[in-house]
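# Examining the three-dimensional arrangement
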Amino acid sequence: MTSFSTDTPPFVFHRGTRPLLVSMPHVGTYLPAAVAGRLTAEARTVPDTDWHLERLYGFAKELGASILVATHSRYVVDLNRPPDNANLYPGQDTTGLCPVDTFDKTPLYADGSSGPDEAEIFARRDAIWRPYHAALAEELARLRAEHGTVALWDAHSIRSQLPRFFEGKLPDFNLGTANGASCDAALGERMLELANAAPGYTAVLNGRFKGGYITRQYGQPAQGVQAVQLELAQSAYMSETYPFAYDEALATRLQPTLRAMLATMLEYVEAR
């Protein structure tokens, strides 16, 4: 059996006091040496990272949220894909559990390598994907046992223009509730109202991004888990070109709306 070793834990976890878990599955930038040595120079800059979300959502701890932050790059294993690598958007182009190309469809692996074989994919999944999801499920269970109902916020960001996946420029706020399956309809609509009320921003609910594996797997409102995914356009808070710098002025303008969304999620579940 192929093994996969890494000298960095799969995640960093902060345990909060209120029924909200913020998941950040694509913020990781770490590449174990066994992976980094096979990648192109471009791939080693991990351009498809959900940059700076820990900083952008720094207020979440003040709200009492639990926070689960990935450490490894999505190029190692994508924590928001199903463990069997099924396509979440049938008929559309997507990247897989262990991607082999960038969002611009340039190869990740140098010298014509096709990337990890099936055995290595399974080993990466077992070393990184499974511990992350075990921690996520365990914290949701703890919060639900303590509070009855819990909110799961799956935090993402992406370059605002990616022709591979969609035409034109993305809205700033791309909310996903798995077409209404991952949370109560009223809560999804309230999130959209908050986004639309923010001056100067655009928003959509269940557009191109309807929620990935995490939203669809764990969002079970009938069982007390209300889940929402937010895919932010990175142009709303940072530079979208290397070295992908955080823009303090843009972020400061954006944060009140993000804080209002998380506070509203909390109020909603704590009223249940």
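Preceding this section is the structure that the text describes.
For the structure given in this document, a descriptive report is provided here. What you are looking at is a predicted structure, and each value in this text was computed from that prediction instead of being measured.

### Details of empty space enclosed by the protein
All told, the structure shown has 2 cavities of 30 Å³ or more when counted by the stated rule. Estimates place the volume of the second largest cavity at around 40 Å³. As for the second largest cavity, its lining consists of P47, D48, T49, F103, S157, I158, R159 and Q234. When its residues are assigned to classes, the lining of the second largest cavity shows 3 nonpolar, 3 polar and 2 charged.

### Quick look at the layout of surface pockets
Within this model, the largest pocket holds a volume of roughly 150 Å³. At the level of elements, β1 (11-14) and β3 (66-70) are the ones that each hand at least two residues to the lining of the largest pocket. At 3 residues, the largest contribution of residues to the lining of the largest pocket is made by β1. Class assignment for the residues of the lining of the largest pocket results in 6 nonpolar, 2 polar and 2 charged.

### Quick notes on the environment of Q226
Mapped onto the elements of the fold, Q226 is located in strand β7 (residues 225-233). Judged by relative accessible area, Q226 falls into the buried class, the value being 2%. Setting aside residues up to four positions removed in sequence, Q226 forms contacts with T149, V150, A151, L152, S182, C183, D184, L187, P221, M265, Y268 and V269.

### Brief notes about the nonpolar core
Within the largest apolar cluster, 79 residues are counted, with the highest numbers of intra-cluster contacts made by V22, L56, Y57, W153, L175, L258 and M261. For L258, the contacting residues outside a window of four places in its chain are L56, Y57, F59, F173, L230 and L232. Counting residues in each nonpolar core, the second largest holds 7 residues, with I158, L162, L170 and F209 among its members.

### Looking at helix α4 (residues 185-197)
For an α-helix, the turn length of 3.6 residues means that residues three or four places apart are oriented alike. When the terminal C-alpha atoms of α4 are compared, their 18 Å separation across 13 residues agrees well with the 18 Å that a helix rising 1.5 Å per residue should span. For α4, the complete set of buried residues consists of L187, G188, M191, L192, L194 and A195. Seen along its axis, α4 keeps its buried residues to an arc of 160 degrees; they face one direction. Exposed and oriented more than 90 degrees from the buried face of α4 are A185, A186 and A197. Packed against the buried residues of α4 are β4 (150-158), β5 (173-176), β6 (203-205), β7 and α6 (248-270).

### Focus on the side chain of D154
Within the secondary structure, D154 is located in strand β4. Despite its burial, D154 pairs with no opposite charge, the nearest such side chain being R81 at 8.6 Å. In terms of polar contacts, D154 uses its side chain to reach the side chain of S23, at 2.8 Å. Excluding anything up to four places from it in sequence, D154 contacts S23, P25, N80, I214, T215, V228, Q229 and L230.

### Quick look at the pairing of β7
Counted residue by residue, β7 has 9 buried out of 9 residues, so it is predominantly covered. Across the two faces of β7 the burial is the same, with V225, A227, Q229, E231 and A233 and Q226, V228, L230 and L232 all buried. As paired strands, β4 and β7 are joined by 9 bridges and run parallel to one another. Across the sheet, residue V150 finds its bridge partner in β7, namely V225. In this sheet, β7 lies alongside β5 in antiparallel orientation, the contact comprising 4 bridges. Residue L175 lies in a different strand from β7, and its bridge partner there is L230.

### Concerning the environment of G58
Examined against the element boundaries, G58 turns out to sit in the loop between α2 (53-56) and β3. When its relative accessible area of 39% is taken as the criterion, G58 is described as partly exposed.

### Focus: unusual backbone geometry
Here the amide bond leading from Y242 into P243 is cis, since omega sits at 10 degrees, within 30 degrees of zero. The backbone of H52 shows a phi angle near 65 degrees, a positive value even though the residue is not glycine. Among the secondary structure elements, H52 is positioned in the loop between α1 (33-36) and α2. For H52, a relative accessible area of 22% gives the class partly exposed. Phi is positive for N179, close to 55 degrees, though the residue is something other than glycine. Here N179 is to be found in the loop between β5 and α4.

### Some words on the environment of L262
Residue position: L262 is located in helix α6. Overall, L262 belongs to the buried group, its relative accessible area being 0%. It is 23 Å that separates the C-alpha atoms of L262 and S160, two residues lying 102 residues apart in sequence. The residues touching L262, leaving out its near neighbours within four places in the chain, are L20, V22, Y57, F59, A60, L63 and W153.

So, how was this worked out
- Residues numbered from 1 in each chain as written.
- Predicted model: local features only at pLDDT ≥ 70, side-chain atom pairs only at ≥ 80, totals over all residues.
- Heavy atoms only, no water.
- 1 Å grid on protein atoms, 1.4 Å probe; cavity = no way out; pocket = protein on both sides within 12 Å on 5 of 7 lines; lining within 4 Å.
- Points joined across faces, edges and corners; volume = space filled by probe spheres on them.
- Nonpolar A, V, L, I, M, F, W, Y, C, P; charged D, E, K, R; others polar.
- Helix = DSSP H or I, 4+ residues; strand = E, 2+ residues; numbered from the N terminus.
- Buried < 20%, exposed > 50% of the residue type's maximum accessible area, 1.4 Å probe, protein only.
- Contact = heavy atoms within 4.5 Å.
- Core = buried A, V, L, I, M, F, W, Y, C linked by side-chain atoms within 4.5 Å.
- Expected span 1.5 Å × (residues − 1).
- Arc of directions from axis to C-beta.
- Lys, Arg positive; Asp, Glu negative; His and termini not counted.
- Salt bridge = Lys/Arg side-chain N within 4 Å of Asp/Glu carboxyl O.
- Polar contact = N/O pair within 3.5 Å; in protein donor to acceptor, adjacent residues only side chain to side chain.
- Pairing = 2+ DSSP bridges.

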